[in-house]
Amino acid sequence: MSVIPLQVKSVDPILSVRDLKMHFPVKEGIFMRTGRFNKAVDGVNFDIMPGETLGLVGESGCGKSTLGRCISRLYQPTAGEIRFEGRDIATLKRKELMPFRRDIQMIFQDPMESLNARHTVGQILEEPFQIHRIGDRAYRQQRVKELLDVVGLPARSVTRYPFEFSGGQRQRIGIARAIALNPKLIICDEPVSALDVSIQSQILNLLIDLQTEYKLSYLFIAHDLAVVKHISDRIAIMYLGRIVETGAGESIYRTARHPYTQSLISAIPVPDPHHHSHRQILVGDVPSPINPPSGCSFHTRCPKVMEVCRQTSPVLSQDQQPVACHLYE
Ligand code: SF4
């Protein structure tokens, strides 16, 4: 099992994920029997330090959102460890998870998914305090006002419903809800993907400000490397259920090693009319995680594929910028 090396720091990681797997049974045939598994997450390892942002990038279908949902324990992983502040929460039961639910929160791509459309914003933001039995009515209402102020929404929002807000404002409500209980780690699952570019940067700046103010750690999931660059200390690239490269944000952009990372970077538009694009267009789609290719799972699309790639799966190297590719062995 290869583990992504950490920069040398004296503190312990807030989150350590070890050999995490999420295999969904696939029911097939007239008897709906399980013969095969969708290996959405297939042996993932990484750490997140306190106050750090790890950007997790990959195309849709690579397993990144499933990974986020495992860590926040919306899913029960098939195998592996999720150590939060040293305690493995991967196998905890519903009741045992309650204290961790305060500390680990999630922000979703579409806040309408997570916000109850029949509740006012005031009710939505009060709910976490009610669930965890925190404070009386007056305290909760005061906290709701403070939360709205922190995320830049007017106090009069309390009596309005989610559908009355724009996409960016709804995401601010989702963020207010996520920070209500002073969490330590937030899983941001494509929080700006559905927003206009101008609104994206406002939400990213809000997340950065909140991180500084509340000393938050983020796992920031996105399909767009350009978005992740703005916010991440380190970046991990995911392909078909596994991490294939990771490193400090800047070094991933300057010296990407894995052919998949290189193609993702080449797809980032450069706002310079004199820049000559050397875009590496990937052929085909991400293969099915139900029937992944043999050897390196990227070999069906890799422009640098070699014979060994079709037979043997590369392991993540143990250097400054770990990469899983036979080119670097
Ligand atoms: Fe390409 Fe082979 Fe490297 Fe996989 S191992 S990324 S197929 S060169």
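The coordinates are above.
Residues numbered from 1 in each chain as written. Predicted model: local features only at pLDDT ≥ 70, side-chain atom pairs only at ≥ 80, totals over all residues. Heavy atoms only, no water.

K.L.:
Tell me about the overall build of the protein, residues and numbers included.
P.N.:
Helix and strand content of the protein: 11 helices and 10 strands. By the compact-globule yardstick of 20 Å for 329 residues, the protein fits well, its C-alpha radius of gyration being 21 Å. For the protein, the C-alpha atoms occupy an extent of roughly 70 × 60 × 50 Å along the three principal directions. In the protein, the share of contacts with a sequence separation of at least 24, taken over all contacts with a separation of at least 6, comes to 65%. Here the protein has roughly 16,400 Å² of accessible surface; of this, 51% comes from carbon and sulfur atoms. (Helix = DSSP H or I, 4+ residues; strand = E, 2+ residues; numbered from the N terminus. Rg over C-alpha atoms; globule rule 2.2 N^0.38 Å. Contact = heavy atoms within 4.5 Å. Areas by Shrake-Rupley, 256 points an atom, 1.4 Å probe, with all protein chains shown as cover.)

K.L.:
Can you explain the site of the ligand? Please cite residues and give values.
P.N.:
Around the ligand, the neighbouring residues are H258, P259, C296, F298, H299, C302, K304, C309, P314, C325, H326 and L327. The pocket occupied by the ligand, as judged from atoms lying within 2 Å of grid points, is the largest cavity. Split by residue class, the shell around the ligand holds eight nonpolar, three polar and one charged. (Near = heavy atom within 4 Å. 1 Å grid on protein atoms, 1.4 Å probe; cavity = no way out; pocket = protein on both sides within 12 Å on 5 of 7 lines; lining within 4 Å. Sits in = over half its atoms within 2 Å of the grid points. Nonpolar A, V, L, I, M, F, W, Y, C, P; charged D, E, K, R; others polar.)

K.L.:
Account for the packing of helix α6 (residues 167–179) against helix α7 (residues 197–214), with residues named and values stated.
P.N.:
Following both chains from N to C, one finds α6 and α7 inclined at 15°, their axes separated by 10 Å at the closest point. Considering their axes alone, α6 and α7 lie roughly parallel with respect to each other. α6 and α7 meet at a crossing whose hand is right-handed. Between α6 and α7, the residues in contact are G168, Q171, R172, I175 and I179 and I199, Q202, I203, L206, L207, L210 and Y214, respectively. Here the contact of α6 with α7 is built from residues that sort into eight nonpolar, three polar and one charged. (Axes fitted to C-alpha atoms, helices over the stretch in contact; angles between N-to-C directions. Parallel < 35°, antiparallel > 145°, perpendicular 65-115°, else oblique. Left-handed = near helix turned anticlockwise from the far one by under 90°.)

K.L.:
Outline a nonpolar patch on the surface, supporting the account with residue identities and numerical values.
P.N.:
Together, M306, V308, L327 and Y328 line one region of the surface with nonpolar side chains, adding up to about 300 Å² of accessible area. Mapped onto the elements, L327 comes out in the segment after α11 (307–311). L327 gets classed as partly exposed once you look at its relative accessible area, which sits at 37%. (Patch = residues over 30% accessible without salt bridge, like charges linked within 9 Å, V, L, I, M, F, W, Y side chains within 5 Å. Salt bridge = Lys/Arg side-chain N within 4 Å of Asp/Glu carboxyl O. Buried < 20%, exposed > 50% of the residue type's maximum accessible area, 1.4 Å probe, protein only.)

K.L.:
Now, about helix α4 (residues 121–131): what can you tell me, with residues and values included?
P.N.:
Among all positions in α4, only V121, G122, I124, L125, E126, P128 and F129 are buried. On its buried side, α4 packs onto α5 (137–150) and α6. Among the residues trailing α4, R133 stands out with phi positive, at a value near 50°.

K.L.:
Just give me the short version of the packing of aromatic side chains, but keep the residues and values in it.
P.N.:
What the rule picks out here adds up to seven aromatic pairs. Where F24 meets Y75, the ring centres are 5.5 Å apart and the plane angle is 85°; that geometry is what we call edge-to-face. Here F24 is found in strand β1 (residues 15–28), whereas its partner Y75 is found in the loop between α1 (64–71) and β4 (79–84), with 51 residues between them in sequence. Judged by its relative accessible area of 28%, Y75 falls in the partly exposed class. Through pairs of rings, three or more aromatic residues link up here, namely Y239, Y260 and F298. In this structure, K229 is placed above the aromatic ring of Y253, and the distance from its NZ or CZ to the ring centre is 4.8 Å. (Phe/Tyr/Trp six-rings, centres within 6.5 Å; stacked < 30°, edge-to-face > 60°. Lys NZ or Arg CZ within 6 Å of the ring centre and 35° of its normal.)

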